[in-house]
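For reference, the chains in residue letters:
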Amino acid sequence: MRGVSGEEQAVLERAAAAPMLDQVQAWAAVNSGSRNLAGLGQMAAIYADAFAALPGEIRLLEPSPVEAMEPSGALKPLAHGRNLHLRVRPEAPAQLLFTGHMDTVYGADHPFQRVSWREEGVLGGPGVADMKGGIAVLLAALEAIETSGGGQGFGYEVVINSDEEVGSPGSAALIAEAARGKKAALTYEPAALPDGTLAGARPGSGNFSIRIEGRSAHAGRNPEEGRNAVVAAADLTLRLARSRTPSLSVNPARIEGGGPNNVVPDHAILRINMRPQTVDEQRRAQQVLEDAVSLVAAEHEVGITMHGGFARPPKPLDARASCSHSCADAVPISARRSDGAPPAASATATTSPPAACPLWTRWASAAAPSIRRKNI
Ligand SMILES: [Zn+2]
């Protein structure tokens, strides 16, 4: 069993003393719904200012171009916010990646906008847990490490993207590039359990817009000449829904199309989300989609085009990830509110990292996202 050294304890205390509560309250007051480009711009500027406390170069990068399918079936550019990128000591032999997202699921027109205390020690507000709180923890940990001089042995990149809640279409390439060659990557999503237990595995996610082109006809005069796009979309929906398994969630979210009652509809769009838990399931899902599309196209004599893909691959807890996960879990869980009050509850995890874990180092312990979200 290996505990936390005095030096590590000092870094943890420094991190816990950072003004995380004030930051989260101020940050959550800025609406940064994934589609609120003005709010995201404001958030990006705030984070760029806050992360300027760290060494290295901060840039706000334009997103990759993204197209979305309109209800008419036309593809139109869809704007996303800029993404924050920080690179520190790229020459260091050991490199880490830290990620977070600045967007939330609450748009500017959503009723949930205000930050308030739900009960003693529990703050509620848009993005407080997911994940402005996580970003405050990340910043506090990195500042504490840098101030202690403990960061000199490693370099890192921080990516805070603006479109995670909508599948990261404008930032996936940036994240993939930043992940290249890293020893470990930590993201600062809410803990899996209220006691601070970290989330490990998570499924991938793919969003698809499937356009179905049939043939219009009069419902009374010549219906046999029509090819009903809405019926084909419904058939496709049911086939895809049946491909659901415990390790693949399938959510047909919307069917658009159709028109007057006396016309066989020649146009429909099916929007669907699929979440595979493993890379094999993702492959199977892709195959299921392609098979169902060809089958429905042939059976209903309609044209089908598919737009979208799996922007986020599954992240299973494999041997390497499991190793870094248990390392992070070995960090004491404690935090202090910025008004100096003690946390409502605290616990110290005493498990040691596996002796053979190559990722366990002093800096990894202090940089781990372990501070209870409940207390900030
Ligand atoms: Zn999140």
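Residues numbered from 1 in each chain as written. Predicted model: local features only at pLDDT ≥ 70, side-chain atom pairs only at ≥ 80, totals over all residues.

### Considerations on the overall build of the protein
Here's step 1: Regarding its fold elements, the protein presents nine helices and 15 strands.
Here's step 2: Buried residues in the protein amount to 41% of all 376 residues.
Here's step 3: Across the protein, the fraction of contacts at a sequence separation of at least 24, relative to all contacts at a separation of at least 6, is 75%. (Helix = DSSP H or I, 4+ residues; strand = E, 2+ residues; numbered from the N terminus. Buried ≥ 20, exposed ≤ 12 C-beta atoms within 10 Å, placed from the backbone. Contact = placed C-beta atoms within 7 Å.)

### Points about helix α6 (residues 229-241)
Here's step 1: Between the first and last C-alpha of α6 there are 18 Å, a value that for 13 residues agrees with the 18 Å anticipated at 1.5 Å per step.
Here's step 2: Against β10 (205-213), β12 (248-257), β14 (267-276) and α7 (279-300) lie the buried residues of α6. (Expected span 1.5 Å × (residues − 1).)

### Notes on the packing of α6 against α7
Here's step 1: Axis separation between α6 and α7 bottoms out at 10 Å; the angle between their running directions is 145 degrees. The chirality of how α6 crosses α7 is right-handed. Taken together, the residues of α7 that come into contact with α6 (itself represented by V231, A232, D235, L236, R239 and L240) are V288, L289, A292, V293, V296 and H300. (Axes fitted to C-alpha atoms, helices over the stretch in contact; angles between N-to-C directions. Left-handed = near helix turned anticlockwise from the far one by under 90°.)

### Focus on the sheet that holds strand β1 (residues 57-61)
Here's step 1: Taken in spatial order, the five strands of this open sheet run β1-β4-β8-β5-β9, and their pairing is mixed. With one partner strand each, in any of the chains shown, β1 and β9 (184-187) form the two edges of the open sheet. Within this sheet the neighbouring strands show an average axis-to-axis angle of 15 degrees, counted without direction.
Here's step 2: Where strand β5 (residues 94-101) lies against strand β8 (residues 154-161), eight bridges are found, and the strand directions are parallel. Counted as the bridge partner of A94 is F154 from β8.
Here's step 3: Relative to the sheet, helix α4 (residues 128-148) contacts β5 and β8, its axis offset from that of β5 by approximately 150 degrees.
Here's step 4: Along the sheet, helix α5 (residues 172-179) makes contact with β1, β4 (83-88), β5, β8 and β9, crossing β8 at roughly 170 degrees. (Pairing = 2+ DSSP bridges.)

### Focus on the packing of helix α1 (residues 6-16) against α4
Here's step 1: α4 packs onto α1 with a crossing angle of 130 degrees between their chain directions and a minimal axis gap of 8 Å. Taken together, α1 and α4 sit at an angle that is classed as oblique. α4 is crossed by α1, and the crossing has right-handed handedness. Listed contacts from α4 to A10, V11, R14 and A15 of α1 are A140, A141, A144, I145, T147 and S148. (Parallel < 35°, antiparallel > 145°, perpendicular 65-115°, else oblique.)

### Some words on the confidence of the model for the protein
Here's step 1: Scored by pLDDT, the protein has a mean of 86; 85% of the residues are at 70 or more.
Here's step 2: Throughout residues 331-376 the model reports pLDDT below 50, and contacts reaching past four residues in sequence, or to other chains, amount to 112 contacts. (pLDDT = per-residue confidence, 0-100.)

### A look at the environment of M274
Here's step 1: Within the secondary structure, M274 is located in strand β14.
Here's step 2: The spacing of M274 and P203 is 71 residues in sequence and 9.5 Å in space, taken between C-alpha atoms.
Here's step 3: Apart from residues no more than four positions distant in its own chain, M274 is found in contact with G206, L248, S249, V250 and A285.

### Observations concerning the sheet that holds strand β15 (residues 303-312)
Here's step 1: The four strands lie next to each other as β12-β14-β10-β15, forming an open sheet whose pairing is antiparallel. In this open sheet, the two strands that pair with only one neighbour each are β12 and β15. The mean angle between the axes of side-by-side strands here comes to 15 degrees, regardless of whether they run parallel or antiparallel.
Here's step 2: Sheet topology note: the β10/β15 ladder contains nine bridges and is antiparallel. Paired with G206 across the strands is F310, a residue of β15.
Here's step 3: Where α7 meets the sheet, it contacts β10, β12, β14 and β15, and its direction lies at approximately 170 degrees from that of β15.

### Some points on helix α2 (residues 20-28)
Three- or four-residue spacings in an α-helix give side chains the same orientation, since the helix completes a turn every 3.6 residues.
Here's step 1: Among the residues making up α2, those that are buried are M20, Q23, V24, W27 and A28. Along the long axis of α2, the arc covered by the buried residues comes to 115 degrees, so they all point the same way.
Here's step 2: Taken together, the buried residues of α2 touch α3 (37-51), β7 (122-124) and α4. (Arc of directions from axis to C-beta.)

### Here we look at unusual backbone geometry
Here's step 1: A cis amide bond links D130 with the next residue in sequence, M131, at an omega value of -5 degrees.
Here's step 2: By secondary structure assignment, the location of M131 is in helix α4.
Here's step 3: The phi torsion at R89 lies on the positive side, around 45 degrees, for a residue other than glycine.
Here's step 4: Residue R89 is classed as partly exposed on the basis of its C-beta count, with 16 C-beta atoms lying within 10 Å.

### A closer look at the environment of A94
Here's step 1: Checked against the element boundaries, A94 lands in strand β5.
Here's step 2: Residue class for A94 comes out partly exposed when judged on the 16 C-beta atoms lying within 10 Å of it.
Here's step 3: Along the sequence, A94 and F154 sit 60 residues apart, while their C-alpha atoms lie 4.9 Å from each other.
Here's step 4: Each residue touching A94, except ones within four places of it in the same chain, is listed here: G153, F154 and K183.

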